[in-house]
Amino acid sequence: MASLRHKNSKRIEGLDKNVWVAFTSVAADPSIVNLGQGYPDIPPPSYVKEALARASSVDKMNQYTRGFGHPALVKALSQVYGKVYSQPIDPLKEILVTVGGYGSLFSTMQGLVEEGDEVIIIEPFFDCYVPMVRMAGAKPVLIPLRLKTDKKTNITSADWALDPEELSSKFNSKTKAIIINTPNNPIGKVFTREELQTIADLCIKHDTLCFSDEVYEWLIYKGHHHVKIATLPGMWDRTITISSAGKTFSVTGWKLGWSIGPEHLIKHLQTVMQNTIYTCPTPLQEAVAQGLLRDYNLMGQPECYFTSLAVELEAKRDRMAAILRDVGMSPFVPEGGYFMIVDVTPLDQDLSHMGGDEADDEAYDYKFVKWMIKEKKLAAIPVTAFVGDESRKQFEKYIRLCFIKQESTLDAAEVIFKNWSKDRPI
């Protein structure tokens, strides 16, 4: 029998439940079409894979490299982002490379957030934000994006917006930071310059930091533009911007991410890194560096992967939206990223038979996804996994689908949806 003395630490109390643990294992059955977890089943660029093969064949590349980022990688990042920010980025003092976007977020929270602080988080949010804030001893303060339209057709991620007065009310003397995610996961919203300026004005007024998760920064669709909040007046000195190789080059299994910001903030993230992870795999960093340099030299040209992937995915996005509309669902067409949320209310699916003590307390979307996996062999993610309890009713009729998939995967999903439509009573 386990001793009560050896129970979990308070910092992880209540953080054991996780949507990925719950649904990834269920969707692992090869007979299930998986549009749930956000990983590409399209191949990464060949030149990145070839760069990894070359790097691993060099003996010194199989040993430790610089802890805060492989020299070749931070140099390549400084070149790419120097161009994006229109200012020089110091590769050694203003960049930290760590284990994926997760590692960047963790280093940020542990290095800059103190016990008793408050951190504002915009709902829906990527699900690790709240646990990471709590592990740092701080209080998550949630504010939802609100649907600003009553229309049922031609709806997009732009139809979700913050209420400026509601946002302002969340800031106080305890507010240490606000976390933004643009393009947003799961909605796909790309925050406009005006929306970001509203956030920036409040950060400056209350002397608050901004943690900007921009891992989908290159996946912006026609007619939209990605603005980095760190480029707005007065924001560079108070912003940590997070991105990743996984989303940039469709290599999520490589788990490399980076934080960019002013030296006086990045140095604290580096302290966390040197005392936890220490360093990241050298061959992977070298390969990403080579890939970045290749595309840096092609920026502004159609062959640049930073932009060509978005062109490829826009067609997949439009196909997914059309499939969903054809079967009576209401998709929100995303401005960026590779997820789409869909309102399943029109299906009017009765889930009352899904009982049990645990199920009785589950949100509708959790029950719906479990039912869909079992009955339709199609996996998605419930959107209430990305919101707090108070917003559950607002979001429980939405599910998230991932469309960075091969055409054969989308073909299989289309067959399921069409057969489902035929089976529904008229």
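Below you will find a few notes about this structure. Predicted, not measured: the structure shown is a model, and the values here were computed from it.

1. Considerations on the layout of surface pockets
Next up, step 1: Estimated volume of the largest pocket: approximately 1,400 Å³.
Next up, step 2: For the largest pocket, the lining is made up of 38 residues, of which Tyr366, Thr384, Ala385, Val387 and Asp389 are closest to its centre.
Next up, step 3: Those elements giving two or more residues to the lining of the largest pocket turn out to be α1 (19-24), α5 (129-135), β4 (139-144), α13 (364-376) and α14 (392-395).
Next up, step 4: Among the elements that line the lining of the largest pocket, the one with the most residues is α5, at five residues.
Next up, step 5: The residue makeup of the lining of the largest pocket, split by class, is 18 nonpolar, six polar and 14 charged.

2. Let's talk about the sheet that holds strand β7 (residues 175-181)
Next up, step 1: Pairing is mixed across the open sheet formed by seven strands, whose spatial order is β2-β10-β9-β8-β7-β3-β4. Of all strands in the sheet, those bounded by a partner on one side alone are β2 (95-98) and β4. Strand-to-strand twist of the sheet, defined as the mean angle between neighbouring strand axes without regard to direction, takes the value 20°.
Next up, step 2: Inspection of the sheet shows strand β3 (residues 118-123) paired to β4 by six bridges, in the parallel sense. The residue of β4 that forms the bridge with Ile120 is Val141.

3. Side note on the packing of aromatic side chains
The relative placement of two aromatic rings is captured by the distance of their centres and the angle of their planes.
Next up, step 1: Within this structure, the stated rule accounts for 22 aromatic pairs.
Next up, step 2: Ring plane angle 70° and centroid distance 6.4 Å describe the contact between Phe126 and Tyr129, whose orientation is recorded as edge-to-face. Of the two residues, Phe126 and Tyr129, both sit in the buried class.
Next up, step 3: Measuring from ring centre to ring centre gives 6.0 Å for Phe417 and Trp420, while their planes differ by 5°; the resulting arrangement is stacked. Here Phe417 pairs with Trp420, and both are found in helix α15 (residues 407-423), just three residues apart, close to one helical turn. In this structure, Phe417 and Trp420 share a single accessibility class: buried.
Next up, step 4: Joined through ring pairs, the aromatic side chains of Tyr47, Trp218, Phe249, Tyr305 and Phe306 make up one cluster.
Next up, step 5: In this structure, Arg400 is placed above the aromatic ring of Phe339, and the distance from its NZ or CZ to the ring centre is 3.6 Å.

4. Describing the side chain of Thr409
Next up, step 1: On the secondary structure map, Thr409 appears in helix α15.
Next up, step 2: When neighbours within four sequence positions are excluded, Thr409 is seen to be in contact with Val33, Leu35 and Asp41.

5. Concerning helix α9 (residues 263-274)
Next up, step 1: In this model α9 runs 16 Å from its N-terminal to its C-terminal C-alpha over 12 residues, within 8% of the 16 Å that 1.5 Å per residue would give.
Next up, step 2: The inward-facing, buried residues of α9 contact β2, α4 (100-112), β8 (209-213), β9 (239-244) and β10 (257-260).

6. Quick word on the packing of helix α2 (residues 46-56) against helix α10 (residues 282-296)
Next up, step 1: Here α2 crosses α10 at 140°, and the two axes come no closer than 8 Å. In terms of orientation, α2 and α10 fall into the oblique class. In the crossing of α2 with α10, the sense of the turn from one axis to the other is right-handed. Mapping the contact onto sequence places Tyr47, Val48, Ala51, Leu52, Ala55 and Ser56 in α2 and Pro283, Leu284, Glu286, Ala287, Gln290, Gly291, Arg294 and Asp295 in α10.
Next up, step 2: Classifying every residue of the contact of α2 with α10 by side-chain character gives eight nonpolar, three polar and three charged.

7. A word on the sheet that holds strand β11 (residues 330-332)
Next up, step 1: Strand order in the open sheet made by the four strands is β11-β12-β15-β14, with antiparallel pairing throughout. Among the strands making up the open sheet, the edge pair consists of β11 and β14 (381-382).
Next up, step 2: Bridge count between β14 and strand β15 (residues 398-402): two bridges; the pairing is antiparallel. Within β15, the position partnered with Ile381 by the bridge is Arg400.
Next up, step 3: Lying on the sheet, helix α11 (residues 305-326) is in contact with β11, β12 (339-343) and β15; it crosses β12 at an angle near 15°.
Next up, step 4: Lying on the sheet, α13 is in contact with β14 and β15; it crosses β15 at an angle near 50°.

8. Here we look at the packing of α4 against α9
In a pair of packed helices, the angle between the axes and the distance between the axes together describe the arrangement.
Next up, step 1: For the pair α4 and α9, the least separation of the axes is 8 Å and the interaxial angle reads 105°. Between α4 and α9, the interaxial angle falls into the category roughly perpendicular. Here Ser104, Phe106, Ser107, Thr108, Gln110, Gly111 and Leu112 of α4 come into contact with α9, specifically with Leu265, His268, Leu269 and Val272.

9. Some remarks on the pattern of salt bridges
Next up, step 1: Under the defined criterion, the tally for this structure stands at 16 salt bridges.
Next up, step 2: For the salt bridge of Glu362 with Lys370, the shortest nitrogen-to-oxygen distance reads 2.5 Å.
Next up, step 3: On the accessibility criterion, Lys370 (33% relative accessible area) is partly exposed.
Next up, step 4: The network of salt bridges with shared partners includes Lys316, Arg319, Glu407, Asp411, Glu414 and Lys418.

Calculation rules
Residues numbered from 1 in each chain as written. Predicted model: local features only at pLDDT ≥ 70, side-chain atom pairs only at ≥ 80, totals over all residues. Heavy atoms only, no water. 1 Å grid on protein atoms, 1.4 Å probe; cavity = no way out; pocket = protein on both sides within 12 Å on 5 of 7 lines; lining within 4 Å. Points joined across faces, edges and corners; volume = space filled by probe spheres on them. Helix = DSSP H or I, 4+ residues; strand = E, 2+ residues; numbered from the N terminus. Nonpolar A, V, L, I, M, F, W, Y, C, P; charged D, E, K, R; others polar. Pairing = 2+ DSSP bridges. Axes fitted to C-alpha atoms, helices over the stretch in contact; angles between N-to-C directions. Phe/Tyr/Trp six-rings, centres within 6.5 Å; stacked < 30°, edge-to-face > 60°. Buried < 20%, exposed > 50% of the residue type's maximum accessible area, 1.4 Å probe, protein only. Lys NZ or Arg CZ within 6 Å of the ring centre and 35° of its normal. Contact = heavy atoms within 4.5 Å. Expected span 1.5 Å × (residues − 1). Parallel < 35°, antiparallel > 145°, perpendicular 65-115°, else oblique. Left-handed = near helix turned anticlockwise from the far one by under 90°. Salt bridge = Lys/Arg side-chain N within 4 Å of Asp/Glu carboxyl O.

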